[in-house]
Amino acid sequence: MRALTTTEHRPSARMPGEILSSSVRHPAASDVDGANVGMASVEWRANGMKCISLETTTDASLHRARALNLRGVEKRGMASTSTSVRDDPIWASLRAGAQALVDKEPLMGGFVYATILNQPSFERALGFLLAGKMASATILAGQWSDLIMDALNATNEEKNREYRGPGTGSIGEAARADLKAIVERDPACPSYTHAFCFFKGFHGLQAQRVSHWLWGHQRKVLACKMQSLVSEVYGMDLHPAARFGRGVMIDHGHGVVVGETAVVDDDCTLLHGVTLGGTGKVRGDRHPKLGKRVVVGSNASVLGNVKVGHDCKIGAGAALIHDLPPNTTIVGHKGRVVTKKQITSKL
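Read on for an overview of the structure. (Residues numbered from 1 in each chain as written. Predicted model: local features only at pLDDT ≥ 70, side-chain atom pairs only at ≥ 80, totals over all residues. Heavy atoms only, no water.)

## Comments concerning the packing of aromatic side chains
Each aromatic ring pair is summarised here by two numbers: the centre-to-centre distance and the angle between the ring planes.
Move 1: By the definition in use, this model includes two aromatic pairs.
Move 2: With a centroid separation of 6.0 Å and 45° between ring planes, the pair formed by Phe196 and Phe202 is classed as tilted.
Move 3: On the accessibility criterion, Phe202 (2% relative accessible area) is buried.
Move 4: Cluster of aromatic residues (ring-pair linked, three or more members): Phe122, Phe196 and Phe202. (Phe/Tyr/Trp six-rings, centres within 6.5 Å; stacked < 30°, edge-to-face > 60°. Buried < 20%, exposed > 50% of the residue type's maximum accessible area, 1.4 Å probe, protein only.)

## Topic: the sheet that holds strand E12 (residues 289-290)
Move 1: Strand order across the open sheet formed by four strands is E6-E9-E12-E15, with parallel pairing between neighbours. What marks the edges here is a single partner per strand, and that holds for strand E6 (243-244) and strand E15 (307-308).
Move 2: The sheet contact formed by strand E9 (residues 263-264) and E12 spans two bridges and is parallel. Along E12, the bridge assignment pairs Val264 with Leu290. (Pairing = 2+ DSSP bridges. Helix = DSSP H or I, 4+ residues; strand = E, 2+ residues; numbered from the N terminus.)

## A short note on the nonpolar core
Move 1: Counting residues in hydrophobic clusters, the biggest one holds 75 residues, and the most contacted among them are Phe196 and Ile314.
Move 2: Dropping the residues within four chain positions of it, Phe196 is found in contact with Leu94, Thr115, Ile116, Phe122, Ala125, Leu126, Leu129, Leu179, Phe202 and His203. (Core = buried A, V, L, I, M, F, W, Y, C linked by side-chain atoms within 4.5 Å. Contact = heavy atoms within 4.5 Å.)

## Digging into the pattern of salt bridges
Move 1: A complete count under the given rule lists 11 salt bridges for this structure.
Move 2: Taking the shortest distance from any N to any O, the salt bridge between Glu173 and Arg176 comes out at 3.6 Å. Taken together, the residues span about one helical turn, with Glu173 and Arg176 both in helix H8 (residues 171-185) at a distance of three residues.
Move 3: Judged by its relative accessible area of 10%, Arg176 is buried.
Move 4: Residues Lys292 and Asp265 are paired through a salt bridge, measuring 3.3 Å at the closest nitrogen-oxygen approach. Of this pair, Lys292 sits in the loop between E12 and strand E13 (295-296) while Asp265 is found in the loop between E9 and strand E10 (269-270), placing the two residues 27 residues apart along the sequence. (Salt bridge = Lys/Arg side-chain N within 4 Å of Asp/Glu carboxyl O.)

## Quick word on helix H11 (residues 220-234)
Move 1: Under the 1.5 Å per step criterion, the end-to-end length of H11 is 20 Å for 15 residues, consistent within 8% with the ideal 21 Å.
Move 2: Tucked into the core, H11 has its buried residues touching helix H5 (122-134), helix H6 (141-156), helix H10 (200-216) and strand E5 (237-238). (Expected span 1.5 Å × (residues − 1).)

## A short note on the side chain of Asp186
Move 1: Along the chain, Asp186 falls in the loop between H8 and helix H9 (192-198).
Move 2: For the buried residue Asp186, which engages in no salt bridge, the nearest side chain bearing the opposite charge is Arg185, 10 Å off.
Move 3: A distance of 2.9 Å separates the side chain of Asp186 from the backbone nitrogen of Ala188, its partner in a polar contact.
Move 4: Setting aside residues no more than four positions away along its own chain, Asp186 makes contact with Ala181, Phe199, Met249 and Asp251. (Lys, Arg positive; Asp, Glu negative; His and termini not counted. Polar contact = N/O pair within 3.5 Å; in protein donor to acceptor, adjacent residues only side chain to side chain.)

## As for the environment of Asp323
Move 1: Locating Asp323 in the fold gives a position in the loop between strand E17 (319-320) and strand E18 (329-331).
Move 2: For Asp323 and Gly304, which are 19 residues apart along the polypeptide, the C-alpha to C-alpha distance reads 9.6 Å.
Move 3: Excluding its chain neighbours within four sequence positions, the residues that come into contact with Asp323 are Asn305, Val306 and Lys307.
Move 4: In this structure the side chain of Asp323 is engaged in a polar contact, spanning 2.8 Å, whose partner is the backbone nitrogen of Lys307.

## Brief notes about unusual backbone geometry
Move 1: You will see that His252, though not glycine, has its phi angle at about 70°, which is positive.
Move 2: Here His252 shows up in the loop between strand E7 (249-250) and strand E8 (257-258).
Move 3: By relative accessible area, His252 is classed as partly exposed at 49%.
Move 4: Notably, Asn299 is not glycine yet its phi reads approximately 60°, a positive angle.
Move 5: Tracing the chain through its elements places Asn299 in the loop between E13 and strand E14 (301-303).

Listed below in structure tokens is the structure:
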């Protein structure tokens, strides 16, 4: 086994909540026992307490890149992120919440610094987060990160940024709208940072947006691999060809299934256990099309190529196999239509 080398950097300024030092140990030349084994450490100060986080990985190159990023951020005194923070209120709030989280719970410092505070932009933070979730022994986190950033950067280019309906436009902007929707609609979510770090419905949806980009660029095998990983990691099965609008909230996420030709328009809400599937009797365009601001309750099923109008509500456990006009509420396993007058009279 070859000796390990250590790279270390100590910035001159030591402010509360700032990084004090970072180091990465990695193989000097070749693999160790057939695997790229590495260790990264981050030392920071929060609430007057000095904290150290150590991580081991089979992807030493990822930690070498992380160390370079740490040194670059420290050397510039965070100047590189200040412009993007001023121009991006979601990212500014995310970073402020992340710093408050570290101050309150120092044990989370390693995760929060690596995922948010050491990242130069919202897109980089999202790419790092998803890559860590998707990583395996055969496709490393660094490889996933490069692939995810390809999708985020490509959809951020001027010619691709324009939003023309579900499945189009910037993935980064769609993710920001999704975060905003979660904070506005979910009373259990206290902040953008909380949703970004811990909500698997948000994570799975952003991974689907990346797989949708891969699907559209004829990289369908890799898109299906992402779909499979999302299913394993988050318990959600979202087909890469399905089209999602902006401001979509998938609450809890567990058990949600969305088929190949389904469309979920802007500002929709899907609760756990929702199925947007086919009837099993037809091929081709065979999945539901949800209009804007549709709410689908837990364990509800919408089956077949049916159109659900804007502002409809589908109750928990309901089954829908026919079109719905706008502003309609249905309940029950037979999808019984309930008018606003009927609802009021029972209260």
